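# Fold and geometry: a report
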Amino acid sequence: MAPGTKQPFGDEQKLAAWLAFNCELGDVITMRQLRAAIGGEDGPNEAEHLNRRLRMLRQRDGWQIPSARDDASLGHDEYRLDAKGWYPGSGKARPRLDTPSDSVRRQVFERDGRACVVCGVAAGEMYDDRPGRRVRLTLGHRVPGKRLDREVSVNELQTECARCNETVRDELPDPVTLPELLPRIRKLPRADKRTLLEWVRAGERTKSKVDLLYVEIRRLSAAERSLMIENLEKGAG
Ligand SMILES: [Zn+2]
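Description of the structure in this document. Because the structure is predicted, anything quoted here is derived from the model rather than measured.

Protein ligation of the zinc ion involves Cys-116 (SG), Cys-119 (SG), Cys-161 (SG) and Cys-164 (SG), the donor distances falling in the range 2.3 to 2.4 Å. Note that the zinc ion binds 4 donor atoms; their angles at the metal cover 104 to 116°, and the shape is tetrahedral. One chain supplies every donor to the zinc ion, and in sequence these donors are spaced C-x2-C-x41-C-x2-C. A relative accessible area of 26% places Cys-119 in the partly exposed class.

Next up on the list: the nonpolar core. Leu-15, Leu-19, Leu-34, Leu-54, Leu-57, Trp-63 and Ile-65 are the most contacted members of the largest nonpolar core, which has 17 residues in total. Elements with a contribution of two residues or more to this core: helix H1 (11-22), helix H2 (31-37) and helix H3 (44-59). Residue contacts for Leu-57: discarding those within four places in its chain leaves Glu-12, Leu-15, Ala-16, Leu-19, Gly-62, Trp-63 and Ile-65. Grouped together as the second largest cluster of nonpolar side chains are 15 residues, Val-108, Val-135, Leu-148 and Cys-164 included.

Scanning the entire structure with this criterion turns up 1 aromatic pair. Here Phe-21 and Tyr-87 contribute two aromatic rings whose centre-to-centre distance is 5.4 Å and whose plane-to-plane angle is 85°, an arrangement assigned as edge-to-face. Here Tyr-87 lies in the loop between strand S2 (78-80) and helix H4 (102-111) and Phe-21 lies in helix H1, a separation of 66 residues in the sequence. Its relative accessible area of 57% is what places Phe-21 among the exposed residues.

Reading the values: rules and limits
Residues numbered from 1 in each chain as written. Predicted model: local features only at pLDDT ≥ 70, side-chain atom pairs only at ≥ 80, totals over all residues. Heavy atoms only, no water. Donors = N, O, S within 2.8 Å, 3.2 Å for Na, K, Ca; no water. Tetrahedral: all angles 85-135°; square planar, octahedral: opposite > 155°, others 65-115°. Buried < 20%, exposed > 50% of the residue type's maximum accessible area, 1.4 Å probe, protein only. Core = buried A, V, L, I, M, F, W, Y, C linked by side-chain atoms within 4.5 Å. Helix = DSSP H or I, 4+ residues; strand = E, 2+ residues; numbered from the N terminus. Contact = heavy atoms within 4.5 Å. Phe/Tyr/Trp six-rings, centres within 6.5 Å; stacked < 30°, edge-to-face > 60°.

Next up, the structure:
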């Protein structure tokens, strides 16, 4: 199908409606039943087509439908309905195609070291200027405001805390104004001003070797982290 054309009631919608109205949670469904639901023919191409549609239901529409690949107790032609997602007639708008899947989210957070690329705060930390306010990480588009007619890829996204994320930021009170900020910047040592300039120009907090190591250390086990502290105490003492 040509990009941008609208599919009035495609196979994904048919599958979703059939699953929503004919199946209960925990039901095991066979490939043959799914094929019948969309009026498909037998054959290897059809199986591939069906699996692509199911992948979209999982990624885009929030369905949980494990196959034998996810759960060895299922036969190779079997699927189990664990959670229902969006379907026509659910009374909700279908999730946008460019809403990132859980797997894409994980990959982006992992790549960025679970820290906001704009201001550098990491998951679970508190904001320095807002005691008690815990950092929440979100996904931001590298090109803000761009809406896509297709699935969004890992390379188009970056990790942003809720405060830095363009779309989320509007919902929060303005944290600080320029006149409040300028005197504080004037007091900074020259080297810090240079670093700050570099970050602001780049639009992200470029990470030093120390930053990168810190991110790695945060991911050690508690026991390993204690050993790391002992080790650092010796070295830094
Ligand atoms: Zn941030």
